[in-house]
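Architecture and fold: a report
Chain by chain, the residues:
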Amino acid sequence: QAFREKPDVAAAMNYLAAGNYFWNCGIFVWKARTILAALAEFQPEIHVRLQHLSRFIDTPQWSAHLAAEFPAMTSISIDYAVLERSTAVCMLPAPFSWDDVGSWQALSRLIPDDAAGNTVDGLHVGVETEHCTVRSSSEHLIATIGVHDLIIVHTPDVTLVADRRDETAIKTLLAEVQRRGLQAYL
C-alpha cells in the first residue's frame, strides 16, 4: 500500500504491533527506463544531470564529468526521492536470510570472530590485536601489533584505518575525500 522510509519510533512500534507490515531490507529491482522515468517525475534535477552524464559513459571524459556532476546532485536516498512518492511500487516477501551489510560491524554477523574478538576476512596476522575488523584479500597480508577496536580495510587503491567504535565518522571522511577532489578513490 505504501513505502515508509525510517518511520519515527511511535510509527514503527505501531507497524510492529499491527503485524501486517514488512521490513525493507534495501533490495530493489527495476528496469533502467523505469527508475529514470521515476527520477524524471520526482527528482527532475537529478534526472537532467544523469542524462548529461550518460553521454560520457565509456569515454575519456567520464571521470571529469562525474566529478563535476555527482557533487552537484541533490543528496537524497532513492527511498525518499522515489519510493515514498511513487504509486508504482510493489513489494515481494523474500524467503531467504538477509543481513544489511551497511557497516563494517555487520561483517562479524557473517564471519565468526577469532579468539581475540577480531573479525577477519582475508590475510591477517595479529599480535596483541583485539576487537578489530580486518578486510583484505588473499594476496595482501595485513599485520597488526598492539591495536584494539579498529576497522582496517585494504583494497587495491585505498587502505582505511578507523576507530571501530565510531564508524559513523567514516561518512565525515568520505566527505573530506570528495572535498579534496579524490572521488576516484571512493
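Residues numbered from 1 in each chain as written. Predicted model: local features only at pLDDT ≥ 70, side-chain atom pairs only at ≥ 80, totals over all residues. Heavy atoms only, no water.

Let's shift gears to the overall build of the chain. From N to C terminus, the chain includes seven helices and six strands. Mapped in sequence order, the helices and strands of the chain form the string α-α-α-α-α-α-β-β-β-β-β-β-α. For the chain, the C-alpha radius of gyration of 21 Å lies well beyond 16 Å, the compact-globule estimate for 186 residues. Taken along the three principal axes of its C-alpha coordinates, the chain extends 55 × 55 × 25 Å. Within the chain, residue pairs in contact and separated by at least 24 positions form 31% of the contacts whose partners lie at least 6 positions apart. With an accessible surface of roughly 13,200 Å², the chain has 58% of that area assigned to carbon and sulfur atoms. Of the charged side chains in the chain, 14 are positive and 22 negative; the average position of the first set lies 9 Å away from that of the second. (Helix = DSSP H or I, 4+ residues; strand = E, 2+ residues; numbered from the N terminus. Rg over C-alpha atoms; globule rule 2.2 N^0.38 Å. Contact = heavy atoms within 4.5 Å. Areas by Shrake-Rupley, 256 points an atom, 1.4 Å probe, with all protein chains shown as cover. Lys, Arg positive; Asp, Glu negative; His and termini not counted. Charge placed at Lys NZ, Arg CZ, Asp CG, Glu CD.)

Let's shift gears to the pattern of salt bridges. In this structure the tally under the stated criterion is eight salt bridges. Across the pair E69 and R49 runs a salt bridge whose closest N-O atoms are separated by 2.7 Å. Residue E69 is found in helix α4 (residues 62-69), and its partner R49 is found in helix α3 (residues 44-54); the two are separated by 20 residues along the sequence. Owing to a relative accessible area of 24%, R49 belongs among the partly exposed residues under this scheme. (Salt bridge = Lys/Arg side-chain N within 4 Å of Asp/Glu carboxyl O. Buried < 20%, exposed > 50% of the residue type's maximum accessible area, 1.4 Å probe, protein only.)

With that settled, the discussion passes to the packing of helix α2 (residues 32-42) against α3. Across the interface, α2 lies against α3 with an axial gap of 5 Å and an inter-helix angle of 130°. With respect to their mutual orientation, α2 and α3 come out oblique. Here L36, L39, A40, E41 and F42 of α2 come into contact with α3, specifically with P44, I46, H47, L50 and Q51. (Axes fitted to C-alpha atoms, helices over the stretch in contact; angles between N-to-C directions. Parallel < 35°, antiparallel > 145°, perpendicular 65-115°, else oblique.)

Two measures describe an aromatic ring pair: the distance that separates the ring centres and the angle between the ring planes. Going through the model one piece at a time under the given rule, you end up with two aromatic pairs. Ring centres of Y15 and Y21 lie 4.2 Å apart, and the angle between their planes is 20°; this geometry places the pair in the stacked category. Geometrically, the ring pair formed by F28 and W30 is stacked, given 5.8 Å between the ring centres and 10° between the ring planes. (Phe/Tyr/Trp six-rings, centres within 6.5 Å; stacked < 30°, edge-to-face > 60°.)

This part takes up the packing of α3 against α4. Across the interface, α3 lies against α4 with an axial gap of 10 Å and an inter-helix angle of 170°. Considered as vectors, α3 and α4 are oriented roughly antiparallel to each other. Listed contacts from α4 to R49, H52 and L53 of α3 are W62, H65, L66 and E69. Split by residue class, the contact of α3 with α4 holds three nonpolar, two polar and two charged. (Nonpolar A, V, L, I, M, F, W, Y, C, P; charged D, E, K, R; others polar.)

This next bit is on the environment of H148. Relative to the assigned elements, H148 resides in the loop between β4 (141-145) and β5 (150-154). Residues H148 and T59, spaced 89 residues apart in sequence, show a C-alpha to C-alpha distance of 44 Å. Among the polar contacts made by the side chain of H148, one reaches the side chain of E130 at a distance of 3.3 Å. (Polar contact = N/O pair within 3.5 Å; in protein donor to acceptor, adjacent residues only side chain to side chain.)

This part takes up a nonpolar patch on the surface. Where nonpolar side chains cluster on the molecular surface, the patch consists of I27, V29, F96 and W98 and spans about 450 Å² of accessible area. Of note, I27 is situated in the loop between α1 (9-18) and α2. With relative accessibility at 39%, the residue I27 sits in the partly exposed group. (Patch = residues over 30% accessible without salt bridge, like charges linked within 9 Å, V, L, I, M, F, W, Y side chains within 5 Å.)

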